Structure formats: structure tokens, C-alpha cells
Amino acid sequence: MDAPSAGNTFEYLIETLDDSSHKKFFNVPKLGGTKYDVLPYSIRVLLEAAVRNCDGFLMTKEQVMNILDWKTKQSNVEVPFFPARVLLQDFTGIPAMVDFAAMREAVKTLGGDPKKVHPACPTDLTVDHSLQIDFNKCAIQNAPNPGGGDLQKAGKLSPLKAQPRKLPCRGQTACRGSCDSGELSRNSGKFSSQIENTPILCPFHLQPVPEPETVLKNQEVEFGRNRERLQFFKWSSRVFKNVAVIPPGTGMAHQVNLEYLSRVVFEEKNLLFPDSVVGTDSHITMVNGLGILGWGVGGIETEAVMLGLPVFLTLPEVVGCELTGSSNPFVTSIDVVLGITKHLRQVGVAGKFVEFFGSGVSQLSIVDRTTIANMCPEYGAILSFFPVDNVTLKHLEHTGFDKAKLKSMETYLKAVKLFRNDQNNSGEPEYSQVIQINLNSIVPSVSGPKRPQDRVAVTDMKNDFQACLNEKVGFKGFQIAAEKQSDTVSLHYEGSEYKLSHGSVVIAAVISCTNNCNPSVMLAAGLLAKKAVEAGLHVKPYIRTSLSPGSGMVTHYLSSSGVLPYLSKLGFEVVGYGCSTCVGNTAPLSEAVLNAVKQGDLVTCGVLSGNKNFEGRLCDCVRANYLASPPLVVAYAIAGTVNIDFQTEPLGTDSTGKNIYLHDIWPSREEVHQIEEELVILSMFKALKEKIEMGNKRWNSLEAPDSVLFPWDLKSTYIRCPSFFDKLTKEPVAPQPIENAHVLLYLGDSVTTDHISPAGSIARSSAAAKYLTNRGLTPREFNSYGARRGNDAVMTRGTFANIKLFNKFIGKPAPKTIHFPSGQTLDVFEAAELYQKEGIPLIILAGKKYGSGNSRDWAAKGPYLLGVKAVLAESYEKIHKDHLIGIGIAPLQFLPGENADSLGLSGRETFSLKFPEELSPGITLNMKTSTGKVFSVIASFENDVEITLYKHGGLLNFVARKFS
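Residues numbered from 1 in each chain as written. Predicted model: local features only at pLDDT ≥ 70, side-chain atom pairs only at ≥ 80, totals over all residues. Heavy atoms only, no water.

### Description of the overall build of the protein chain
The helix and strand inventory of the protein chain stands at 32 helices and 34 strands. A fraction of 76% describes how many contacts in the protein chain between residues 6 or more apart in sequence connect residues 24 or more apart. (Helix = DSSP H or I, 4+ residues; strand = E, 2+ residues; numbered from the N terminus. Contact = heavy atoms within 4.5 Å.)

Now the structure itself:
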């Protein structure tokens, strides 16, 4: 859809770039004149895509002019957007590819040609979410918890020991120590032998680094556990055009997107246009820090884009965020992120674009910008955009971007006025609203203990944690009796005795969702670890520590700088590349720790450098979870507790008994920047690109079919042909009334997609576990919900299976509900299954912000397959509401100021509702209950496209009918 067609309405705007490349582009500024000059940069990108794709059908001239008239049309009109490409990760990408495979079956059944079913939009799928931490440093000799798949068939784990090797010094004058692989640099003064499993390099030499033993062991388990899924991905890359798969062990989708996939400016058939992307993950927004417009959408909408259809969105308001000042030396990028996150959440930017400008922007590196942009789902914005400027170009140059392309890029961006320049204020954009944030006002902080938006200054941490113990159970409180707040429990571990108390850290994970792409914070963590080890400090062995970088590049510069051995010495061993602890894929805590926590009913803590800390996400026994920068994760691990005042209390003592405080080992900004400049250079990015393009031996040797239709294995518990198309007809039927529906669940506010469709481990007592057990699997073979998203039977049973789900019918957190005809309390799936057998439709009652959190299409698909016909809530997260419509569930909304309580609803009634023949956006409908109550609800359709999709029974049916 990206190349201009012969019938493009605005073909007259095509010009040749004023340089030696002779490339073409749409000169969009000529269309709008002064109107264009005051548009926010992000809206200019939307406008260019609209002009380039204006065919009079999917994109009309009226819609193009609506975008140009953004100042008066914002929030009032729907516009289509054609992104340049799509990015999938395996957790949410496998349902999309399974749906494509199933759609081929459906098209064939309806008499169409299945070979026509291909993604029309370039699609990259990164296998990065299947990594689980089976091995870490303290458990490297223990048997893994493999979880299943074909691991047992693959045989025993091979040792895969990374052998240290001697790297000759080439006489660089800057070399301050020996390059012998068995020594640390002379100035460390503490070790003369290699720390286990970690090859040492001279900090000033950039040599390839063998991957630590834990990485190789975890990768081997990953390939065994997920063999079926990986074979399906490989089949997909073979039979579907425009699909490229980035194999496991390469890195996280977001970071690989930044380091390898991003173009900034696309070129297709000699035509230049801005890079843009949507994908099945809310953190696609990270690329906006590089000047690439992108955001996460539902898996169903992503599939539509892959088929050449646009994403529809309400022309957004754009909040201009002016950054002024500069942060103090002790503030890391994650502090800036959390400070901006809290400020923007307080201001209220939900459903809006945020665009950054001001003198403070130029002081932020690209990695700082991408970290800020990556957190925008946490403050509700659609995206947070940093226009391309000189900092962007310098970053691209340093990372090996082709100089000729870089020159054409700069010329093109300036020609279409997409290049930001602080010195030229003549074309300053106008915004819907302008807010100011002074970077000087931001202080070091963490976020928690249950939500990412609850920011706590490090200086206030001890007092805040004490307050959380006192507060009633809620978003922050734990309601621990005053007389029990000082309780301690003895823990016998590996021959030593320790004391656990409220606030004790049991999980400490440096992981790669938001900030591990930022060399400054990762190097700061490594330097802090180095100084801590040299001071004689250590981490207690029962704490589950791990280091999961976003890509091999991170491991490379940590090794090259000489800090990786010190992280390893403290227990922060590299465990692999991909999402792990952040999505609940950590290995279980030891029985000794679990028993001690249960014995004392302790509020123990996890500290991680990611972006998600919802209650119960890491482990059901870890009640308090804090987001922190990587150096603070290391610091709290050393302290062993969050109940500490770093200003007045020491981390520990050195060999002489002297107290060591955090400020004694905190690295200076100058120290970090010096190493960053020396190490984050061209060779590292080249090494990553080579790794991606070459793949790895396991992936390259993996066998996969190449048939037109996927050969479904009926015995498979990973990949199943889903039932969405089972009743598909060539023509859609009118929306059916909802008659005498029971309420499956009565939920409160802020129900997240984690509550609806968990991605972590499968509990042994769950409905999904029973299904897998009946098919001959042991608990060790269950794997996770995320890994089994290609199996609708597992995912349906996993719907509403989160242990922290609070159903008002039950009165306590549990994945249970009441089957009202029988009065039984059952697992949610079992109750829904009974309702379906009885032919009873279902609805869900909910409060505010239903479906918040990560984009997750199974949070809509699962309820649909449970028999849910509608959700009635006070408000929705937009992405999730789009999912509901895309699967065929009606999103109903209480009138403003009303809710279930104010209307006197108990949820035990039955509900009935009829749809008119002609639906319209925002139409008000009458809901009737079995008690005789009648009240009005809003059908929360935003445009005619959503209504069309709902009438077809969802987007999948709509697209399948187009092919048939």
C-alpha cells in the first residue's frame, strides 16, 4: 500500500529530492502552506501517509484534508493510518500467525484461493518472549524446571561450557591492565582468577565475547520447550510473503526494533517516506524516541494492517511537553522516565499524542528518549514522539548508518519539514495543550509497590514502605498489624542462617523492558557492582538475582568494560536475551524462602528494572514489587531490604568493619559517560546485525514444513486451528439480541489484561492445567500461558485465571465465580462451560479502566470463546475496547456518573438488550433486567468501521470474507 498508485489523488505532489540520489517523495508542505507549518510533527507524519495512500477508497481526499485541518478537527473525526511496517513478538505474534494459517483453511472452505492469504505489509516477528530463567548463577548445577514441550525428546542438556580464552594485548596506551582472561585489571586489586563462567576482556578492546554458560543452557531449554512454536514460526516465514522471523536468542522486540529494524526513512521503489510501525505490543512506542511514529494496537487490528488495511483512530489531540533544564548527576534515565510518567498521568493525556520540544530535549540522548517513549502506555498516551533532530542523526552515524542514506534522509526530512531545530522557531508547532517539565525537579526514585505510576523518592522509601504496611489493602496498602510489623523469620539456606522480615528482597532482576537499552544505566549498575565487590559487599544467596539484557550488544559492552564479572559475583548472571522476570517467567523461589514467607505472612519484595510490577506478576508470594533503575536494583539486592534509608543507613561493612554507604559506591556521571563513549560504538551494532542476519545453529537447523496449508497436529498442545471461523458464512448476519444473559464476573476498577489473560506460569490447580494433564503432560511440561497462545483450548481455560482477580461475587482474590443456576462456586472456565451447555449468553460487569495494561488480544478472544456477548463497564482502555469490537464482543458503557452500584445492580440478575438494524457511533440502548429495571447504556462504537466489523462478527470474519 506504500507505493503511489496511478490513481493517487495527490500524485501531482511527487517531486525529485534536491540531491544526487534522484529519489522521489511527496512534497506534502505544498499542500497545506501555513496550515502545515503549525502542525505537530507527529500529525505531519500521519498526513504524509494519508497523502501517499490516497486512493479514493480506503483513504479519501476528505480524510486527508481532515488531517490537514487538525487544529479544528482534532478529537472530532476518524482518520485511517497506513503504517510502513508491522512488528510482532512471539507471545502476541503467534495468535496472529495462527489466525492467518486458520484463515487459509477458512478461505479454502468458502471456495477461495488460500494462496492469496499473505501479509501485504512488511512484518517482522521477533521470538523474544519465550525465554524462561531455568538456570541462574546460584542454581547452575541444579536440574532445570523445563516445563515441557519436546525437551525430553531432545535428550540431556549438553554442558555448553564457555571456555575462557586469552586475548593478546595490542599495546594500546590506554590499556591499564592485563588482557589475560584469567585476571581482572590490575587496578581492581581484589581478584587474580576468573569469576565463574565469565570471560574477561580488556575494557579498551572490543573482542567478541563467548556467551556465558547460563545463556547457552537457557537457550537450549528454550528450543526444547518451544520446538512446536518455533517450527510454526519457521513455516510462517517460508510460506507467507513479507514475513521475517528474528530467531530466539537475539534480543527483545523493542530493542531489536531500535538497533536493527528501524529505518527512520523508508525507501520503496525509489520513493522516500517516513518510517512508521504498529504492532502487537504496547511498548512499540519505544521507536518514537528515534523519530519513528509507532504504537501498539490489538492483534486483530495488526492482522488487518498486515492485510493492507489501515488502522483507524480518532484524530488525536497532541500535548506539547516542553522540557527545560537538565537533570542532576545522581538522576538516571529511569528517574526521568518515572518523573515524566507521573507528571503526564496527573495531567491526563490518555488517548492523546504527546510530543516533546524545548531546550531540554537536545540534552537527552536517543536512548534516554526511547526510554521515555517506551513508558507512554503507563501514562495512557497513544504515543510520545521525539522528532528527528541533530542528536538523532549523530546517533545513527555512530551506529553505522550508511552515510549516503543518512545524507538523503536529512535532505528529505528537511524538505518535508520533519526535522526539528531548536535554533529555528519560525515554524514552531501549535499544540492542543502545552505542559512544562523542569528536569532539575526530578529526583532519584522507584515505583511501587503494586503499580508503575506510584512513584516514591528513594529518600522517602523507608517511610513510604512503613506507610504501605499500615494502610488498608488497596493499590498501595498491605494492612499488617502494628505488632507484627517487626516480625522476623529464621531462614536456613545453604548451611547458613538468615533473617527475613517485612521488606526483605527475594527477587532482584536487571531486565530489559525499558532501560536496559540505555548504556548509561547498565554501565552504572556494573560500576556500582564493581565498587561494591571491591568494598567487600555481597548479595545474600537466597535472593533470586538475574541479568537479562535486551540484546547481545549489552553483554558485549558490559564485558568489554570489565564490569560483567562483578555483576556475576553479586549473582547477576546473564540468563538470556528476552522477556523473563518482567512477564512472570522467573524460576520458582526456593522452598526454604517460600516456607519462611508463608510462616511469617511476610510482605517480601521484588526489585526489577522493567516497566510492569502489577501485584502477583512476578510470584504470588512476592507481594511488593518495585521498579527501579539497574544500579538501584543492585543496591537494594546488596541491602537485602527496601526498608532502608540510603542516606543514613549503610549497605554493609568492609573488611575493616567500616560502614559502606550507597554514596560511597555510586559511580559519577562523568565516570559512566567516559566508558559509554569508549564502548558504545559502531562495532557493537555491527556485531548485533551480523547475529540477526546469520541466526544461530539451532534455528538454522530446525526443520519445518513448507506446505500451503499448515499441517495441524491434532495431538499438539501448542498449536491448534482456532474455532473463530467454524460458523463463518459468506454473508454476515444482523447483530443478534442479547437475551437473559447471566453475569459471568462482577469486577471493579483497573482490571488489567493480566487479570483477564495472564501470560505467566500455569497454576497446577487451574482449568488449563487439568486440560494439559488430561493430554499426558506433567506440571514440568506445562510451560506458560504466553508460550501456549497458539492453542485456543489452553488460552480459553486461562481466561480470568489470574490469582489476583477480584470478583465481587466471591469477595476475595481468586480465579473463581458463581454459576447462578446451580449456585456452585467454580473456576471461571468451568462456570462458562456450564452456561454454554445450557445455551445461556454471558456478560461482564466492570468499573473504570477495564482492560488497562499491556495490549493483549487473548484478553478479548478468551472471553469471546467463553460465551461473553458484551462487557458493560464505566470506561475502557482504548486498545482493549478495540480488541473487543474486533472479536465481536459489544463494548457497552454506563452513562456518565452511573455504575452498577448507583443503579442498584447486584449482578445476580439476568440482562437483555436489543440492537437496532442501523447502529450508529455512540448510540444509546436500553438494558432490561429480570428484576424489571430498565436503564440506558452507550454502545461504545467510535466510527462506522467499528460498526461494520461488529456486524461481521469481528475483524477476522470480515477479512476472511474479502478473500472468499
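### Remarks on the side chain of R797
Examined against the element boundaries, R797 turns out to sit in helix α27 (residues 792-798). Look at R797: it is buried, it has no salt bridge, and the nearest opposite charge is E833 at 4.7 Å. At 3.0 Å, the side chain of R797 and the backbone oxygen of A793 are in polar contact. Dropping the residues within four chain positions of it, R797 is found in contact with A767, A768, Y771 and F829. (Buried < 20%, exposed > 50% of the residue type's maximum accessible area, 1.4 Å probe, protein only. Lys, Arg positive; Asp, Glu negative; His and termini not counted. Salt bridge = Lys/Arg side-chain N within 4 Å of Asp/Glu carboxyl O. Polar contact = N/O pair within 3.5 Å; in protein donor to acceptor, adjacent residues only side chain to side chain.)

### Observations regarding the confidence of the model for the protein chain
A residue-level look at the protein chain finds 84% of positions with pLDDT of 70 or above and a mean pLDDT of 83. Low pLDDT, under 50, characterises residues 1-6; the predicted model gives this stretch 20 contacts beyond four residues in sequence or across chains. Here residues 137-210 is modelled with pLDDT under 50, and outside its nearest four sequence neighbours on either side it reaches 157 contacts, counting other chains as well. (pLDDT = per-residue confidence, 0-100.)

### Examining the packing of helix α16 (residues 519-534) against helix α20 (residues 630-639)
Contact geometry for α16 and α20: axes closest at 7 Å, N-to-C directions at 30°. Taken together, the axes of α16 and α20 lie roughly parallel to each other. Residue-level inspection shows V521, M522, A524, A525, L528, A529 and A532 of α16 in contact with α20, the latter providing P630, P631, V634, A635 and I638. Partitioning the contact of α16 with α20 into residue classes produces twelve nonpolar, no polar and no charged. (Axes fitted to C-alpha atoms, helices over the stretch in contact; angles between N-to-C directions. Parallel < 35°, antiparallel > 145°, perpendicular 65-115°, else oblique. Nonpolar A, V, L, I, M, F, W, Y, C, P; charged D, E, K, R; others polar.)

### Structural notes on helix α10 (residues 299-306)
Of all eight residues in α10, eight are buried; the element is thus mostly enclosed. All buried positions along α10 are accounted for by G299, I300, E301, T302, E303, A304, V305 and M306. A positive backbone phi angle near 90° is found at G308, which sits one or two residues after α10.

### Some thoughts on the pairing of strand β29 (residues 842-845)
The two faces of β29 match: L842 and I844 on one face and I843 and L845 on the other face are all buried. Here strand β26 (residues 738-746) pairs with β29 via four bridges, running parallel. Among the inter-strand pairings, L745 is bridged to a residue of β29, identified as I844. In terms of strand pairing, β29 meets strand β30 (residues 868-873) through four bridges, oriented parallel. If you follow L842 over to β30, its bridge partner there is V868. (Pairing = 2+ DSSP bridges.)

### Comments concerning the sheet that holds strand β14 (residues 383-385)
The strand order across the open sheet formed by four strands is β14-β13-β12-β15, and the pairing between neighbours is parallel. Either end of the sheet is taken by a strand with one partner, and the two such strands are β14 and β15 (433-438). Put simply, the sheet's adjacent strands are angled 25° from each other on average, direction ignored. Examined bridge by bridge, strand β13 (residues 353-357) and β14 share three bridges and lie parallel to one another. When the sheet's bridge partners are listed, V354 is paired in β14 with S384. Lying over the sheet, helix α3 (residues 41-52) contacts β12 (318-324), β13 and β14, oriented at roughly 125° with respect to β13.

### Some words on α3
An ideal rise of 1.5 Å per residue puts 16 Å on twelve residues; α3 measures up with 17 Å between its terminal C-alpha atoms. Across the twelve residues of α3, twelve count as buried, placing the element largely inside the fold. Turning to α3, its buried residues are Y41, S42, I43, R44, V45, L46, L47, E48, A49, A50, V51 and R52. (Expected span 1.5 Å × (residues − 1).)

### Description of the environment of A873
Inspection of the secondary structure puts A873 in strand β30. Residues A873 and L895 lie 22 residues apart in sequence; the distance between their C-alpha atoms is 9.7 Å.

### Remarks on the sheet that holds strand β5 (residues 123-126)
Strand pairing in a sheet relies on backbone hydrogen bonds, with the paired strands running either antiparallel or parallel. Spatially, five strands are ordered β6-β5-β4-β9-β10 in an open sheet, and the strand pairing comes out parallel. Both edges of this open sheet fall to β6 (243-246) and β10 (293-296), since each of them pairs with a single strand only. Here the average twist between neighbouring strands, direction ignored, is 20°. As paired strands, strand β4 (residues 85-89) and strand β9 (residues 276-279) are joined by three bridges and run parallel to one another. Paired with L87 across the two strands is G279, which belongs to β9. Together, β4, β5 and β9 form the strand contacts of α10, whose direction differs from that of β4 by roughly 140°.

### A word on the packing of aromatic side chains
If you walk through the whole model with that rule in mind, you get 24 aromatic pairs. Relative to F240, the ring of F100 lies with its centre 5.8 Å away and its plane at 80°, an arrangement referred to as edge-to-face. Note that F100 is positioned in helix α6 (residues 90-109) and F240 in the loop between α8 (227-239) and β6, a separation of 140 residues in sequence. Look at F240 and you get buried, because its relative accessible area is 2%. Ring centres 4.4 Å apart and planes at 5° place the aromatic pair F356 and F386 in the stacked group. Taken as a pair, F356 in strand β13 and F386 in the loop between β14 and α13 (390-398) lie far apart in primary sequence, 30 residues in all. Accessibility expressed as a relative area gives 0% for F356, which makes it buried. (Phe/Tyr/Trp six-rings, centres within 6.5 Å; stacked < 30°, edge-to-face > 60°.)

### Re the nonpolar core
Core analysis: the biggest nonpolar cluster contains 189 residues, and F232, W295, F353, L744, F800 and Y850 have the highest contact counts within it. A per-element tally of this core places α6 first, with nine residues. In contact with F800, other than residues within four places in its own chain, are L745, L747, H755, I756, L805, P815, V828, I844, Y850, P863 and L866. (Core = buried A, V, L, I, M, F, W, Y, C linked by side-chain atoms within 4.5 Å.)

### Observations regarding the pattern of salt bridges
According to the stated counting rule, one finds 27 salt bridges in the structure shown. The closest approach of N and O atoms between K770 and E830, which form a salt bridge, is 2.9 Å. With K770 in helix α26 (residues 767-774) and E830 in helix α28 (residues 828-837), this residue pair connects regions lying 60 residues apart in the sequence. Put simply, K878 and D882 hold a salt bridge, and the shortest N to O gap is 3.5 Å. Here K878 pairs with D882, and both are found in helix α30 (residues 878-887), just four residues apart, close to one helical turn. What emerges from the salt-bridge pattern is a single network uniting K770, K816, D827 and E830.

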